Structures are given as C-alpha cells and as structure tokens.
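# Descriptive structure summary
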Amino acid sequence: MDKDQLKRLRLGSYRDFDALYKMYAGNLYGFVLGMTRSADLAGSIVQDTFIKVWINREFIDPDLSLNHICSKYLEI
C-alpha cells in the first residue's frame, strides 16, 4: 500500500481500507492465532484491530509502515 492510498484512507476511502484489510488481515490473523491458540479469539482480535484502524484513520501517518500502523491498534 502506497502513501497515496494511506492518504485516501485518512480521508475515509472504503476502497483503500478494503485494500489494507485484504493485504494484512491474513498475516495478522496468523500471528494472533499463534499467540492465542484460539481461532475465535484471533478472529475477534483481528476484527477489533481493523475497526480501530478505521475509527482512527484520520491519525494514520502515511510515512509509517503498515505493520506499524496495524500493530499500534493490536491488543492481545
């Protein structure tokens, strides 16, 4: 995801949020599943993480990596 996509996400672009989700949700789920050993809990945590990203999208810094952005809102 490039800086322009992150800038559009900050402005409320559902399309760019969807792209972010598709790009990172699977890897994030695998990471959380490894930590929790619970598919249900991992799914809930990933969902909560992306909800927080959406709610706080206006504060996303396009200069940060997406891993950093997602991990900022990840709570295990």
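Attention here is on the structure that accompanies the text. The structure presented is a predicted model; accordingly, all values stated were derived computationally and were not measured.

Contact pair helix 1 (residues 3–10) / helix 2 (residues 14–36): the axes reach a minimum separation of 8 Å and the direction vectors enclose 120°. Between helix 1 and helix 2, the interaxial angle falls into the category oblique. Of the two elements, helix 1 crosses helix 2, and the hand of that crossing is left-handed. Mapping the contact onto sequence places Q5, R8 and L9 in helix 1 and D16, F17, A19 and L20 in helix 2. A class-by-class count of the residues in the contact of helix 1 with helix 2 yields four nonpolar, one polar and two charged.

Our next topic: the side chain of T49. When you line up the elements, T49 lands in helix 3 (residues 39–55). Residue classification places T49 among the buried positions, given a relative accessible area of 1%. Apart from residues lying up to four places away in sequence, T49 is in contact with L28, C70, Y73 and L74.

Rules behind the numbers
- Residues numbered from 1 in each chain as written.
- Predicted model: local features only at pLDDT ≥ 70, side-chain atom pairs only at ≥ 80, totals over all residues.
- Heavy atoms only, no water.
- Axes fitted to C-alpha atoms, helices over the stretch in contact; angles between N-to-C directions.
- Helix = DSSP H or I, 4+ residues; strand = E, 2+ residues; numbered from the N terminus.
- Parallel < 35°, antiparallel > 145°, perpendicular 65-115°, else oblique.
- Left-handed = near helix turned anticlockwise from the far one by under 90°.
- Contact = heavy atoms within 4.5 Å.
- Nonpolar A, V, L, I, M, F, W, Y, C, P; charged D, E, K, R; others polar.
- Buried < 20%, exposed > 50% of the residue type's maximum accessible area, 1.4 Å probe, protein only.

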